[in-house]
2 protein chains.
Amino acid sequence: MEQNGLLMVISGPSGTGKGTLVKHLLKRNNNIQLSVSATTRNPRPGEVDEVNYFFMTKNDFEKKLEHGEFLEHAEVYGNYYGTPKAFVEKQLKKGNNVLLEIDILGAMQIREKFKEAVFLFIIPPSLEELQRRIESRGTETPEQMSKRMNSSLEEIKELKKYDYVILNDEVEKATALIEAIINAELASVERSQHYWLNLFGVRR
Amino acid sequence: MEQNGLLMVISGPSGTGKGTLVKHLLKRNNNIQLSVSATTRNPRPGEVDEVNYFFMTKNDFEKKLEHGEFLEHAEVYGNYYGTPKAFVEKQLKKGNNVLLEIDILGAMQIREKFKEAVFLFIIPPSLEELQRRIESRGTETPEQMSKRMNSSLEEIKELKKYDYVILNDEVEKATALIEAIINAELASVERSQHYWLNLFGVRR
C-alpha cells in the first residue's frame, strides 16, 4: 500500500513570478507532474496532443463536462478549457504529486470537487516589488499598468480562500517552502493514518 | 509585526528514539526552544532552577494551578509537574518555536487549552525495529519487554489524535521532516493571513 500523491493548486496575481517558480519546482522534483488541460482550441505549431493539451472537439468536451469528467472548466474567447479528472487521479495513484496553475475561479471549482487538494497562493515580496515587476515588462501603457496593479491587489485579498501563502522573494526559497509543504501534508495524520495503523497492525 | 512562533508537542511510544530526535532538532535550529517544566520535586545535584525546571513548593504550584497558569499538569509519585503557560507564551511572542516532549495525556490537555499548538507523533520504522530497540536496552526481563511492546502498540493507536506522524527511521530525515512541518505551518493561511493582508494594505 503506497501513499497517494498530492494535487497542488497554485494561484497568484500577475507579477508574482509564478511561471518561473513552477518551472524551478518541476526541474528539482521528478515526482511532481504538471497537470495537462483539455481544450477545444486548435493546436498551435509545435504543440503535442496529451503533452501540451488534450485537444478535443467542442462536442467531446461538452459530453465529458456532462459526465462530470472535469475538475474545473472555463470558456475563453469561445473555446473551452478544463482539467480532466481521470488524468489527475491516475497520476496521484502512481504516487506523483500533480501541480495545477490556475486562476482563483478555477481553484475554487476544484476546492468543491476535490477537497483533498492543497491550495497555494503566491505573493510578491512587497507592494513596491509588485509595481517594479509589472513595470519591468515594458509592454503596457501607464494606465494598463495601474489597472493591473489594482487587480493584483484585489486578488491578494482572496488569499484567505487558500491553504498556504508562498512569498516568492527568492525562487530557491519559495521552491523549498513548497517542497516543505508537500512533505508536511503527506505526513499529516489525515493523509497518512491508515497507512501507519495498517503497518503496525493496529487498525480498527 | 513579527509572526509568532509555534508550540510543538511531541509524543510517541518508548523505543521510537524521541530523545535523540529532540536533541538533534535543538542542535540544528537555534529558533527552537525546549519548554521548561515546573515541578515540586527537589532539585537533583547539578540541576539549575529556570533551566532544567522551575522548582517550586507544592503550595505555589497549587495556587498557580488554580489560576490556570499551566497548559497541562500531572502528579507523579506525589510530586506535581506542569507546563507554565507564561514561559511558553513569552517564547512564542519572541518568534521562537517551543518544543514540548510529553505523554499522550499531557498532550491532550494542551490540545484543549492551546488549540494553535501542533501535535507530532513519533513512530518507529516497523514492528520488528520497535522490538529490536526495546530489547537492545538490555535492562529488562522478557516479560517486562513484552509488556512494553504491547503498551507501545496501544499507544500507536492514539496517533489519530495528533496532527502529523513522524517516522523516525533516520534521525536526519525525521529532523528535516519536523523542520518542513514548522515551515509549512508558519506559511498556513490560518497563521499568516493577517500578516500578509496588513503588508499589502488590503486588510478588511
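Position numbers for residues count from 1 along each chain, tracking the sequence in the order it is written. To label them, take the chains in the order written and letter them from A, then take the ligands in the order written and number them from 1. In keeping with the predicted nature of the model, local features appear solely for residues at pLDDT of at least 70, side-chain atom pairs appear and are counted solely at 80 or more, and the whole-chain, interface and lining totals rest on all residues. Hydrogens are left out, water is left out, and the side-chain values use all remaining heavy atoms of the structure.

**Student:** So, the packing of aromatic side chains: which residues are in play, and what are the values?
**Tutor:** The description of two aromatic rings rests on the distance between their centres and on the angle between their planes. Aromatic rings from Phe, Tyr and Trp, with only the six-membered ring used for Trp, were paired whenever their centres fell within 6.5 Å, and each pair was classed as stacked if the ring planes differed by under 30 degrees, edge-to-face if by over 60, and tilted otherwise. Per the stated rule, a full pass over the model turns up 16 aromatic pairs over all chains. Judged by centre distance (5.7 Å) and plane angle (50°), the rings of Y53 of chain B and F55 of chain B are tilted. No difference in accessibility class separates Y53 of chain B from F55 of chain B, as the two residues are buried. Taking 5.6 Å as the distance between ring centres and 65° as the angle between the ring planes, the aromatic pair formed by F54 of chain B and F87 of chain B counts as edge-to-face. Remark: F87 of chain B occurs in helix α3 (residues 85–93) and F54 of chain B occurs in strand β4 (residues 53–55); sequence separation between them is 33 residues. Ring pairs connect the aromatic residues Y53, F55 and Y81 of chain A, which therefore count as one cluster. The rule for a charge over a ring is simple: NZ of Lys or CZ of Arg within 6 Å of the ring centre, and within 35 degrees of the ring normal. Above the plane of the ring of Y80 of chain A lies K58 of chain A, whose end atom (NZ or CZ) is 5.8 Å from the centre. The classification of residues rests on relative accessible area computed with a 1.4 Å probe and restricted to protein chains. Under 20% of the type maximum is buried, over 50% is exposed, and intermediate values are partly exposed. By the criteria applied, helices consist of DSSP H or I runs no shorter than four residues and strands consist of E runs no shorter than two, each listed in order from the N terminus.

**Student:** Please give an account of the sheet that holds strand β1 (residues 7–11) of chain A that cites residues and values.
**Tutor:** Pairing between the strands of a sheet is mediated by backbone hydrogen bonds and can be parallel or antiparallel. Residues and elements named next belong to chain A. DSSP calls a pair of strands paired once it identifies at least 2 bridges connecting them. Strand order in the open sheet formed by 5 strands is β2-β7-β1-β8-β9, with parallel pairing between adjacent strands. Because the sheet does not close on itself, it has two edges, and the strands there are β2 (32–34) and β9 (164–167). Shown here is a sheet whose adjacent strand axes are inclined to one another by a mean of 30°, direction ignored. Two elements, β2 and strand β7 (residues 97–101), share 3 bridges in a ladder whose sense is parallel. Within β7, the residue paired with Q33 across the bridge is V98. Note on geometry: axes are lines fitted to C-alpha atoms, helical ones only across the stretch in contact, with angles between N-to-C directions running from 0 to 180 degrees.

**Student:** Break down the interface of chain A and chain B for me, citing the residues and quoting the values.
**Tutor:** In what follows, a contact means two residues having at least one pair of non-hydrogen atoms within 4.5 Å. In this complex, chain A contributes 31 residues to the contact, which on the side of chain B involves 31 residues. Interface of chain A and chain B: buried area, both sides summed, is about 2900 Å²; carbon and sulfur atoms make up 75% of it. Pairing of N or O atoms within 3.5 Å defines a polar contact, subject to two protein rules: one partner must be a possible hydrogen donor and the other a possible acceptor, and residues neighboring in sequence count only if both atoms are side-chain atoms. Linking chain A with chain B are 4 residue pairs in polar contact (both at pLDDT 80 or more), by the criterion used here. Counting residues per element, the ones that place at least two in the side of chain A that touches chain B are α6 (142–156), β9, α7 (171–186) and α8 (189–199) of chain A. Of all the elements, α8 of chain A adds the most residues to the side of chain A that touches chain B, at 6 residues. Of the residues contributing to the side of chain A that touches chain B, the split by class is 22 nonpolar, 5 polar and 4 charged. Accessible area that two parts lose when put together, with a 1.4 Å probe and added across both, is what the buried area reports. Residues were grouped as follows: Ala, Val, Leu, Ile, Met, Phe, Trp, Tyr, Cys and Pro as nonpolar; Asp, Glu, Lys and Arg as charged; and all remaining residues, including Gly, as polar.

**Student:** So what's going on with the relation of the copies chain A and chain B? Residues and values would help.
**Tutor:** With an RMSD of 0.0 Å, the fit of chain A onto chain B corresponds to turning through 180° and sliding 0.0 Å along the axis. Each copy turns onto its partner about a two-fold axis. Rotation axis and chain A: the residue whose C-alpha lies nearest the axis is A180 of chain A, separated from it by 2.2 Å. Comparing contact sets, 100% of the residues at the interface of chain A also lie at the interface in chain B, consistent with an isologous, same-surface contact. Our superposition of the copies is a least-squares fit, built on the C-alpha atoms of residues whose pLDDT is at least 70 in both.

**Student:** I'd like a description of helix α4 (residues 104–113) of chain A, backed by residues and values.
**Tutor:** Residues and elements named next belong to chain A. Within the span of α4, buried status applies to I104, G106, A107 and I110. In a view along the axis of α4, the buried residues occupy a sector of 155°, so they form one face of it. Exposed side of α4, more than 90 degrees from the buried face: L105 and E112 are the residues found there. Buried residues along α4 sit against β1, β5 (70–76), β7, β8 (118–123) and α6. The reported arc concerns the directions from the helix axis to the C-beta atoms and nothing else.

**Student:** Let's hear about the side chain of S188 of chain A: which residues, and what values?
**Tutor:** In this fold, S188 of chain A is placed in the loop between α7 and α8. With a relative accessible area of 9%, S188 of chain A lands in the buried category. Beyond its immediate chain neighbours, meaning those up to four positions away, S188 of chain A contacts D163 and Y164 of chain B.

**Student:** Tell me about the UniProt feature "binding site: ATP" (unreviewed entry) in chain A, residues and numbers included.
**Tutor:** Residues and elements named next belong to chain A. UniProt positions are given in the numbering used here, feature names are shortened, and annotations may be inferred rather than shown by experiment. Here the UniProt feature "binding site: ATP" (unreviewed entry) sits at G12, P13, S14, G15, T16, G17, K18 and G19. Locating G12 in the fold gives a position in the loop between β1 and α1 (18–28). Taking the relative accessible area as the measure of exposure, G12 reaches 10% and is therefore buried. Ignoring any residue separated from it by four or fewer positions in sequence, one finds G12 in contact with K18, F121, I122 and E155. Here P13 lies in the loop between β1 and α1. If we skip the residues at most four places from it in the chain, P13 touches K18, F121, I122, S152, E155 and I156.

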